[in-house]
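What follows is the residue order along each chain.
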Amino acid sequence: MSTDVDEVPEAARAGRTSAAGSALEKALRILEAVAVPGGPHRLTDVATAAAVPKSSTFRILASLVEQGFVRQEAESRYGVGPRLRGLSALVGGGEPPSIGRILGELQENTGQTVHLALHSGETITYIRKLEGGQPFRTASRVGMRMPLHTTAIGKSILAHLPADEVRDLIAATGLPRRTPRTLTTARALHAQLAEVRARGYALDDEENEPTIRCIGRVHLRPRDGPRPATPAPPGQPRPRRGRG
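Residues numbered from 1 in each chain as written. Predicted model: local features only at pLDDT ≥ 70, side-chain atom pairs only at ≥ 80, totals over all residues. Heavy atoms only, no water.

Some points on the overall build of the protein
Right, on to step 1. Looking only at helices and strands, the protein has nine helices and 10 strands in total.
Right, on to step 2. Among the 244 residues that make up the protein, the fraction classed as buried is 40%.
Right, on to step 3. Relative to all contacts within the protein whose residues are 6 or more apart in sequence, the contacts with residues 24 or more apart total 51%.
Right, on to step 4. Approximately 13700 Å² of the protein is accessible, and the part contributed by carbon and sulfur atoms is 54%. (Helix = DSSP H or I, 4+ residues; strand = E, 2+ residues; numbered from the N terminus. Buried < 20%, exposed > 50% of the residue type's maximum accessible area, 1.4 Å probe, protein only. Contact = heavy atoms within 4.5 Å. Areas by Shrake-Rupley, 256 points an atom, 1.4 Å probe, with all protein chains shown as cover.)

A short note on the sheet that holds strand β6 (residues 145-147)
The strands that make up a sheet pair up through hydrogen bonds in the backbone, lying either parallel or antiparallel.
Right, on to step 1. Here we have three strands laid out as an open sheet, ordered β4-β5-β6, and antiparallel in their pairing. Of all the strands in the sheet, the pair left with one neighbour each is β4 (114-120) and β6. Each strand of the sheet is rotated relative to its neighbour by a mean of 40°, with strand direction disregarded.
Right, on to step 2. Pairing geometry for β4 and strand β5 (residues 123-130), over seven bridges, is antiparallel. Pairing of His119 across the sheet is with Ile124, part of β5. (Pairing = 2+ DSSP bridges. Axes fitted to C-alpha atoms, helices over the stretch in contact; angles between N-to-C directions.)

A word on the packing of aromatic side chains
Right, on to step 1. Per the stated rule, a full pass over the model turns up zero aromatic pairs.
Right, on to step 2. Across from the ring centre of Tyr201, 5.1 Å away, lies the NZ or CZ of Arg199, which sits over that ring. (Phe/Tyr/Trp six-rings, centres within 6.5 Å; stacked < 30°, edge-to-face > 60°. Lys NZ or Arg CZ within 6 Å of the ring centre and 35° of its normal.)

Regarding helix α6 (residues 97-110)
Right, on to step 1. Here α6 is 14 residues long and its end C-alpha atoms lie 21 Å apart, about the 20 Å a rise of 1.5 Å per residue gives.
Right, on to step 2. Of the residues flanking the end of α6, it is Gly111, one or two places downstream, whose phi is positive at about 75°. (Expected span 1.5 Å × (residues − 1).)

Things to note about the pattern of salt bridges
Right, on to step 1. With the rule as written, the count across this model stands at 10 salt bridges.
Right, on to step 2. Between Arg145 and Glu32 there is a salt bridge, with its nearest N and O atoms 3.5 Å apart. With Arg145 in strand β6 and Glu32 in helix α2 (residues 23-35), this pair connects stretches of sequence that are 113 residues apart.
Right, on to step 3. What makes Arg145 partly exposed here is its relative accessible area of 46%.
Right, on to step 4. A salt bridge links Arg71 to Glu73, with the nearest nitrogen and oxygen atoms 2.4 Å apart. (Salt bridge = Lys/Arg side-chain N within 4 Å of Asp/Glu carboxyl O.)

Section: the packing of helix α8 (residues 163-173) against helix α9 (residues 186-199)
Right, on to step 1. At a closest axis distance of 12 Å, the pairing of α8 and α9 adopts a crossing angle of 145°. Crossing of α8 against α9: the hand is right-handed. On the side of α8, the interface is formed by Val166, Arg167 and Ile170, while α9 contributes Ala186, Leu189, His190 and Leu193.
Right, on to step 2. Residues of the contact of α8 with α9, tallied by class, amount to five nonpolar, one polar and one charged. (Left-handed = near helix turned anticlockwise from the far one by under 90°. Nonpolar A, V, L, I, M, F, W, Y, C, P; charged D, E, K, R; others polar.)

By themselves, these observations are geometric and do not establish any function.
Next up, the structure:
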C-alpha cells in the first residue's frame, strides 16, 4: 500500500468510521487479506494488505479467530478458518455445474488460461481461474480485483453499461495507467467500447500486464445488464512472448 494507515491521526479514527473505513469494511478487507494464497500470513502483512492499523487488525482477527473464520498459528500468523472454508464451499456449490464444464472445455480446447470474473462496483473480481498449458503464468488469482478499463473482461462489461454509469465511473476512479498501453483518456476508452459492442468481445492488448494479451466476453442478463463476465480464451502469444 502507498499509505501507511498507522499514520492516520487518532482523531480521524474516532466514532463508528475512520480513515480505514467502518468496522465491517475493515473486517471484510482483513478476511480478504487472510485468504490470499501463501498463508498463513503475519499480522503485519495482513494489516498492510487490508490497509487497517495493526492494533485494529489484531482486535478484529481475535474476534474472527473466536468465531472460527480465521485460525491463528504460531508466531502471530493467521490463516483461513473452518467457517470461512465452509462458506466458500457453500458459495461454490451454488455455481451451476455447466459453468465449470464450459470453462474446462475452453481451457482444454485452447491450452490458454481462462478466467471467470464478476462485476463488483468499480472493479471486476476473479472467481475462477484455470491455468493454461503454457510455460508462463499470469499474475491473476482468484479473489483479485482489477480495474474495468484495463482488462478485457472489464471492458466487455463497460461496453454494456448505460453511458451515464460509465461517465460516473470514469469521474470517480479516473483511468489510472498500469502499462504504457493502458487507455487513459475517456475519448479513447469510449471509442474502444463502441468497437466492443460492434464485434461482440473486448481485447486487452497488454493494457493490464506487460506481454499479456486477452480476449473477453460478457454474459448478459435477460434485460441486457452485465452479469458474470465469462472470458473467451486469452489470445495466442505474440512471437516475443505475448501471453494471455
